Amino acid sequence: MQTSEFIWFDGRLVPWDQAQVHVLTHALHYGSAVFEGIRAYSCANGQSAVFRLEDHAQRLINSAKILRMDLGFTAGQIAEACVETLKANRMSAAYIRPLSFAGYGEMGVYPGDNPVHTIIAVWPWGAYLGADALEKGIRVKTSSFARSHVNTLMSKAKAAGNYINSILAKIEAREDGYDEAIMLDTAGFVSEATGENVFIVKDGIIKTTPLTSILGGITRLSIIEIARELGYTVEEQQFTRDEFYIADEAFFTGTAAELTPIRELDRREIGPAGPITRRLQAEFFRIVRGENLKHANWLHSYSL
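Keep in mind that what you see is a predicted model, and the values were worked out from it rather than measured. (Residues numbered from 1 in each chain as written. Predicted model: local features only at pLDDT ≥ 70, side-chain atom pairs only at ≥ 80, totals over all residues. Heavy atoms only, no water.)

Describing the domain arrangement of the chain
Now for step 1: Each assigned domain of the chain is listed with its residue range as follows: domain 1 (6-123) and domain 2 (133-288).
Now for step 2: One C-alpha centre belongs to domain 1, the other to domain 2, and the line joining them spans 26 Å.
Now for step 3: Listed by partner, the interface residues are 19 residues for domain 1 and 21 residues for domain 2.
Now for step 4: When domain 1 packs against domain 2, the two sides together hide about 1700 Å² of surface, and 65% of this comes from carbon and sulfur.
Now for step 5: Where domain 1 touches domain 2, the interface holds one salt bridge.
Now for step 6: Salt-bridge contacts for arginine 39 lead to glutamate 258; the nearest nitrogen and oxygen are separated by 3.7 Å. (Domains from an automatic or database assignment. Contact = heavy atoms within 4.5 Å. Buried area = accessible area lost by both parts, 1.4 Å probe. Salt bridge = Lys/Arg side-chain N within 4 Å of Asp/Glu carboxyl O.)

Written out as structure tokens, the structure is:
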């Protein structure tokens, strides 16, 4: 990965290589951490902006609450620290990774009074699923690993430990020659990908999986709103794998993936990105780059 100069660590900026923890840190052994993925974009007016920064900061706080972690910071303080870190690293566009974790102290599953630390790192990161993914779309397979039941792991927390499920599915997909994996929920319906939400399009109707068993993506929520503003019908309902096979279009959304078309699932061709996918993708990038002022409230602007 491309490094930057400073990482924000518990309220102060430290050099990238000095942002270190003990090897017996609780989160390293038990996954007791919550995190966010956020993007900053260079805008048309010469400034930069973080996309839906306050929403991401609040989701970090919510995830911590679910895991019974006291961060010692408010959502507003986290948001301010993200901008501070971007400015310190002189980055006009970047991926932003806040992470809060149970630190070194008692060992054992129960974290007890172990300190909770928060870091914020920023670095350049292009198209998450590959340089051609946004244009040509990607190949996807249905994973043999089901998405965790809602009462097994807390699906509304963006918790580090939850992502073991995603890691297993991603490794399987990549080793089988695919770019990404789709996971089904424990009832057999399409849930989400390893780090993205899923949309399909059939006969002009856009459908996405409901919040019941998925992490509510902030990009997902944005695309739903954009699509409805453009006059499309968006339905949040369960759908099956074979319904996915016969979709006219399909795409992923997520902070890292942005809006990435899906051209194939399980060797069933869905085709290149269709007109609805293309229109939503174009509108999304107009918004994050400050070219559509209707959604200026989604952008937290800053100058270097």
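Don't stop here, the text continues.
Looking at the pattern of salt bridges
Where charged atoms from two side chains of opposite charge approach closely, those side chains can pair.
Now for step 1: Inspection of every chain in the model, using the stated rule, returns 15 salt bridges.
Now for step 2: Where arginine 286 meets glutamate 283, a salt bridge forms, and the shortest distance between an N and an O atom there is 3.0 Å. With arginine 286 and glutamate 283 both in helix H8 (residues 275-288) and three residues apart, this pair spans about one turn of that helix.
Now for step 3: A relative accessible area of 33% places arginine 286 in the partly exposed class.
Now for step 4: Overall, glutamate 283 belongs to the buried group, its relative accessible area being 14%. (Helix = DSSP H or I, 4+ residues; strand = E, 2+ residues; numbered from the N terminus. Buried < 20%, exposed > 50% of the residue type's maximum accessible area, 1.4 Å probe, protein only.)

Things to note about the nonpolar core
The nonpolar side chains of a soluble globular protein tend to be buried with one another.
Now for step 1: Residues Val50, Leu53, Cys82, Leu86 and Ile96 are the most contacted members of the largest nonpolar core, which totals 26 residues.
Now for step 2: With seven residues, the top contributor of residues to this core is helix H3 (residues 75-88).
Now for step 3: In contact with leucine 86, not counting residues within four places along its chain, are Ala40, Val50, Met91, Ala94, Ile96, Val122, Tyr302 and Leu304.
Now for step 4: Within the second largest apolar cluster, 24 residues are counted, among which are Val201, Ala227, Val288 and Trp298. (Core = buried A, V, L, I, M, F, W, Y, C linked by side-chain atoms within 4.5 Å.)

Topic: empty space enclosed by the protein
Now for step 1: Scanning the model with the defined rule gives one cavity of 30 Å³ or more in all.
Now for step 2: Lining the largest cavity we find Ile38, Arg39, Tyr41, Phe51, His56, Thr219, Gly254, Thr255, Glu258 and Phe284.
Now for step 3: Considering each element in turn, the lining of the largest cavity owes the most residues, three residues, to strand S4 (residues 38-42).
Now for step 4: Partitioning the lining of the largest cavity into residue classes produces four nonpolar, four polar and two charged.
Now for step 5: No fewer than three residues from each of domain 1 (6-123) and domain 2 (133-288) sit in the lining of the largest cavity. (1 Å grid on protein atoms, 1.4 Å probe; cavity = no way out; pocket = protein on both sides within 12 Å on 5 of 7 lines; lining within 4 Å. Points joined across faces, edges and corners; volume = space filled by probe spheres on them. Nonpolar A, V, L, I, M, F, W, Y, C, P; charged D, E, K, R; others polar.)

Quick word on the layout of surface pockets
Now for step 1: In this structure, the largest pocket spans a volume of roughly 720 Å³.
Now for step 2: In terms of lining residues, the largest pocket is bounded by 37 residues, among which Phe35, Lys158, Tyr163, Thr194 and Gly195 are the most central.
Now for step 3: Here the element with the most residues in the lining of the largest pocket is helix H5 (residues 164-175); it accounts for four residues.
Now for step 4: When its residues are assigned to classes, the lining of the largest pocket shows 13 nonpolar, 16 polar and eight charged.
Now for step 5: Two domains each put at least three residues into the lining of the largest pocket: domain 1 (6-123) and domain 2 (133-288).
Now for step 6: Of the volumes computed, that of the second largest pocket is approximately 540 Å³.

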